[in-house]
Amino acid sequence: TPGTASPRADAPKAAEDTLAKIKKAGVINWGADPSGGAPFVFTDPKDPDKIIGFEIDIMEKLSAHMGVKNEIVKGQWDTLPANLIAGRSDIVMNGLEINEERKKKVAFSTPYFVYEQQLTVRVEDKGKYKSLADLKGKKVGTLSGAEANNVLKRAGFTEEQIVSHDDSFTPYRNLELGRVDAVLQENVIAAHYAGPEKMPKLFNIPQTFEP
């Protein structure tokens, strides 16, 4: 379940300080990674100078409600919390999944999106791989730093079998090319990148499951 993240140290005081800073500056700087981050935040395929996504829409509404402008602070997705802690952004909003490890370092808002994990395989393998159990010993692609990595570790997959990537699209391309045997990502990401109209050689296993 993603939520917006702000510096913790400790949460109530940090939130007050961040809000005061934003109002004084008249701008909220928010961390996100637009490279391969659809449908959350991503570069418009029709205009490489434009960033779109449903989190862009949320941030526009949020900043308008606060009476300030918003500016995106770009960074690699798995480094966004560290950039936040270092003060490079005021908040992070980029499909950042809430988990116990992250809650030790940053404060999360009320969740604004609920997801489940979804496996994607090649169409030719959809009769062979129907669950994580069927993929034991195989290579599974993920996004670096995403909760899918923890799901796979808890299921007994080794570091050699978990193939992490720097963006959400590349795992599906590598699956199509046969470099991995499956991909595990959030169902909304799987629907965007590996839907039948986007990558007909891939198949999203219908049964999703909680992280």
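Residues numbered from 1 in each chain as written. Predicted model: local features only at pLDDT ≥ 70, side-chain atom pairs only at ≥ 80, totals over all residues. Heavy atoms only, no water.

Observations regarding the overall build of the chain
Thought 1: Each helix and strand in the chain was counted, giving seven helices and twelve strands.
Thought 2: A compact globule built from 211 residues would reach a C-alpha radius of gyration of about 17 Å, and the chain, at 18 Å, matches this within 12%.
Thought 3: Principal-axis analysis of the C-alpha atoms gives the chain an extent of 60 × 40 × 25 Å.
Thought 4: Looking at the chain as a whole, 47% of its 211 residues qualify as buried.
Thought 5: For the chain, the separation between the mean place of its 28 positive charges and that of its 30 negative charges on side chains is 1 Å. (Helix = DSSP H or I, 4+ residues; strand = E, 2+ residues; numbered from the N terminus. Rg over C-alpha atoms; globule rule 2.2 N^0.38 Å. Buried < 20%, exposed > 50% of the residue type's maximum accessible area, 1.4 Å probe, protein only. Lys, Arg positive; Asp, Glu negative; His and termini not counted. Charge placed at Lys NZ, Arg CZ, Asp CG, Glu CD.)

Section: the packing of aromatic side chains
Thought 1: Within the structure shown, the criterion is met by five aromatic pairs.
Thought 2: With a centroid separation of 5.6 Å and an interplanar angle of 35°, the aromatic rings of Phe-54 and Phe-113 are classed as tilted. On the criterion of sequence distance, the pair formed by Phe-54 in helix α2 (residues 54-66) and Phe-113 in the loop between β7 (106-108) and β8 (117-122) is long-range, its members being 59 residues apart.
Thought 3: Among the residues examined, Phe-54 registers a relative accessible area of 25% and is labelled partly exposed.
Thought 4: The interplanar angle of 25° and the centroid separation of 6.2 Å between the aromatic rings of Tyr-172 and Tyr-193 together place this pair among those described as stacked. (Phe/Tyr/Trp six-rings, centres within 6.5 Å; stacked < 30°, edge-to-face > 60°.)

Some points on the environment of Asp-44
Thought 1: Mapped onto the fold, Asp-44 is located in strand β3 (residues 42-44).
Thought 2: Judged by its relative accessible area of 13%, Asp-44 falls in the buried class.
Thought 3: A C-alpha to C-alpha distance of 24 Å links Asp-44 and Glu-97, two positions 53 residues apart in sequence.
Thought 4: Not counting residues up to four positions away in its chain, the partners in contact with Asp-44 are Lys-50 and Ile-52. (Contact = heavy atoms within 4.5 Å.)

With respect to empty space enclosed by the protein
Thought 1: Under the counting rule described, the total for this entry stands at one cavity of 30 Å³ or more.
Thought 2: Along its surface, the largest cavity is lined by 21 residues, and Phe-40, Trp-77, Leu-143, Ser-168 and Ile-189 are the ones closest to its centre.
Thought 3: With three residues, strand β11 (residues 182-186) is the single largest residue contributor to the lining of the largest cavity.
Thought 4: Its residues assigned to classes, the lining of the largest cavity shows eight nonpolar, eight polar and five charged. (1 Å grid on protein atoms, 1.4 Å probe; cavity = no way out; pocket = protein on both sides within 12 Å on 5 of 7 lines; lining within 4 Å. Points joined across faces, edges and corners; volume = space filled by probe spheres on them. Nonpolar A, V, L, I, M, F, W, Y, C, P; charged D, E, K, R; others polar.)

Quick notes on α2
Given 3.6 residues per turn, any residue in an α-helix points the same way as the ones three and four places further on.
Thought 1: Between the first and last C-alpha of α2 there are 19 Å, a value that for 13 residues agrees with the 18 Å anticipated at 1.5 Å per step.
Thought 2: Each element contacted by the buried residues of α2 is listed here: β2 (27-32), β4 (47-52), β5 (69-74) and β6 (91-92).
Thought 3: Phi turns positive, to about 75°, at Gly-67, one or two residues after α2. (Expected span 1.5 Å × (residues − 1).)

Here's the deal with the pairing of β8
For a regular strand, the rule is simple: side chains alternate between the two faces of the sheet.
Thought 1: With six of its six residues buried, β8 lies for the most part within the structure.
Thought 2: Pairing of β8 with strand β12 (residues 202-204), which is carried by three bridges, proceeds in the antiparallel orientation. Considered in β12, the bridge of Arg-122 is made with Leu-202. (Pairing = 2+ DSSP bridges.)

What to know about the sheet that holds strand β10 (residues 162-165)
Thought 1: Reading across from one edge, β10-β9-β11-β8-β12 is the order of the five strands in this open sheet, with mixed pairing throughout. Edge positions in the sheet fall to β10 and β12, since each of these pairs with one other strand and no more. The mean angle between the axes of side-by-side strands here comes to 30°, regardless of whether they run parallel or antiparallel.
Thought 2: Sitting on the sheet, helix α5 (residues 147-154) is in contact with β8, β9 (140-143), β10 and β11, with an inclination near 145° to β9.
Thought 3: Against the sheet, helix α7 (residues 187-194) touches β8, β11 and β12, its axis set at about 120° to β11. (Axes fitted to C-alpha atoms, helices over the stretch in contact; angles between N-to-C directions.)

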